[in-house]
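What the coordinates show
Spelled out from the first residue to the last, the chains are:
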Amino acid sequence: MTNDESGRERRRHPRVPVTVKGRFLAPDGTEHACSIRDMSLSGIALVADAEVPLGAHLIVYLDDFGRFEGPVVRSFDGGFAIETALSGPRRERVAERLNAYANGNAKADAASGRAFPRYAPQEAGIEESSLLTLADGSTAPCRIVDMSLGGANVATELRAPVGTLVSIGRMKGRVVRHTPEGIAIEFTDIPERATAFSRPFG
């Protein structure tokens, strides 16, 4: 991208100061902590101790925003910036979150009492379809409606009673309520690292 193109891109998508933490997966498979310096609909400036080369393709997991990926397009003192491509409903959701940060109203999830922000499956980089397993080994197909590091809402015909221990993919939890589409699950083995977000339903 030329300097002129970069300037036009920044003008089309203003960068918003955002202060959230995350982790990124480098091309060599190593994981590193990072935080956002600023963000737009076309790119993210990340602060990190790890050095990555220009052009490296990264997968990034960010609190409040979910999963992104893209190439490193520039570096600066203390970090680097990646270019992202968003479209459709995902682009609209990210735009809404950025607008909330720009207006100083970024903690909607905290205000709602949620310990973890929730994401649609595509925001977390996982498939919607999964398998629900009960303690006795019986299984039923299910569809992930939304999820967080703390739990998931799933659409399923298996209406297990509240309190029932279940697993979905690799994650274990218990049924905490019934919903019109199925059940809500609270995880009992919450991942400690943000990158574990990519693997719970594998």
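Please refer to the structure higher up on the page.
Described below are features of the structure shown in this document. The model shown is predicted, which means the values in this text are computed figures rather than measured ones. (Residues numbered from 1 in each chain as written. Predicted model: local features only at pLDDT ≥ 70, side-chain atom pairs only at ≥ 80, totals over all residues. Heavy atoms only, no water.)

1. Some details on the overall build of the chain
Tallying secondary structure elements over the chain gives four helices and 13 strands in all. For the chain, buried positions account for 48% of its 202 residues. Across the chain, the fraction of contacts at a sequence separation of at least 24, relative to all contacts at a separation of at least 6, is 53%. As presented, the chain carries roughly 10700 Å² of accessible surface, and 50% of it is formed by carbon and sulfur atoms. (Helix = DSSP H or I, 4+ residues; strand = E, 2+ residues; numbered from the N terminus. Buried < 20%, exposed > 50% of the residue type's maximum accessible area, 1.4 Å probe, protein only. Contact = heavy atoms within 4.5 Å. Areas by Shrake-Rupley, 256 points an atom, 1.4 Å probe, with all protein chains shown as cover.)

2. Describing the packing of aromatic side chains
Here a ring pair, both rings aromatic, is described through the centre-centre distance and the interplanar angle of the planes. With the rule as written, the count across this model stands at two aromatic pairs. Ring geometry for F24 and F80: centres 5.5 Å apart, planes at 85 degrees, overall edge-to-face. Of this pair, F24 sits in strand β2 (residues 21-25) while F80 sits in strand β7 (residues 79-83); the two residues are 56 residues apart in sequence, bridging distant segments of the chain. With respect to class, F24 is no different from F80; both count as buried. Positioned over the ring face of F76 is R37, at 4.0 Å from the centre of the ring. (Phe/Tyr/Trp six-rings, centres within 6.5 Å; stacked < 30°, edge-to-face > 60°. Lys NZ or Arg CZ within 6 Å of the ring centre and 35° of its normal.)

3. So, the nonpolar core
Judged by nonpolar contacts, the single largest core of 27 residues is most densely connected at F24 and F65. When contributions to this core are tallied by element, the ones reaching two or more residues are β3 (31-39), β4 (43-47), β5 (57-62), β6 (66-76), β7 and α2 (88-102). Ranked by size, the runner-up nonpolar core spans 15 residues in total, among them L132, A152, V175 and F187. (Core = buried A, V, L, I, M, F, W, Y, C linked by side-chain atoms within 4.5 Å.)

4. Focus on the pairing of β4
For β4, a buried count of four out of five residues is recorded, marking the element as mostly surrounded by other parts of the structure. Examined bridge by bridge, β3 and β4 share four bridges and lie antiparallel to one another. Along β4, the bridge assignment pairs I36 with L46. Taken together, β3 and the strand that follows it, β4, pair antiparallel across an intervening segment of three residues. Direction of pairing for β4 relative to β7: antiparallel, over a ladder of five bridges. (Pairing = 2+ DSSP bridges.)

5. Comments concerning the pattern of salt bridges
The full count for this structure, using the stated rule, is five salt bridges. Across the pair R15 and D38 runs a salt bridge whose closest N-O atoms are separated by 3.4 Å. Taken as a pair, R15 in the loop between α1 (3-12) and β1 (16-17) and D38 in strand β3 lie far apart in primary sequence, 23 residues in all. Measuring nitrogen to oxygen at the nearest pair gives 3.1 Å for the salt bridge that ties E181 to R143. With E181 in the loop between β12 (171-178) and β13 (182-187) and R143 in strand β9 (residues 139-147), this pair connects stretches of sequence that are 38 residues apart. Given the relative accessible area of 35%, R143 is considered partly exposed. Here the residues in one salt-bridge network are R15, R37 and D38, joined through shared partners. (Salt bridge = Lys/Arg side-chain N within 4 Å of Asp/Glu carboxyl O.)

6. Regarding α2
Compared with the 21 Å implied by 1.5 Å per residue over 15 residues, the 21 Å span of α2 between its first and last C-alpha is a close match. Within α2, burial applies to R90, V94, L98, A100 and Y101. For α2, the buried positions fall inside an angular range of 155 degrees around the axis, keeping them on one side. Of the residues in α2, the exposed ones pointing more than 90 degrees away from the buried face are P89, E92, E96 and A102. Just beyond α2, the residue with positive phi is G104, at close to 75 degrees. (Expected span 1.5 Å × (residues − 1). Arc of directions from axis to C-beta.)

From the geometry alone we can't say anything about function, so treat these as descriptive.
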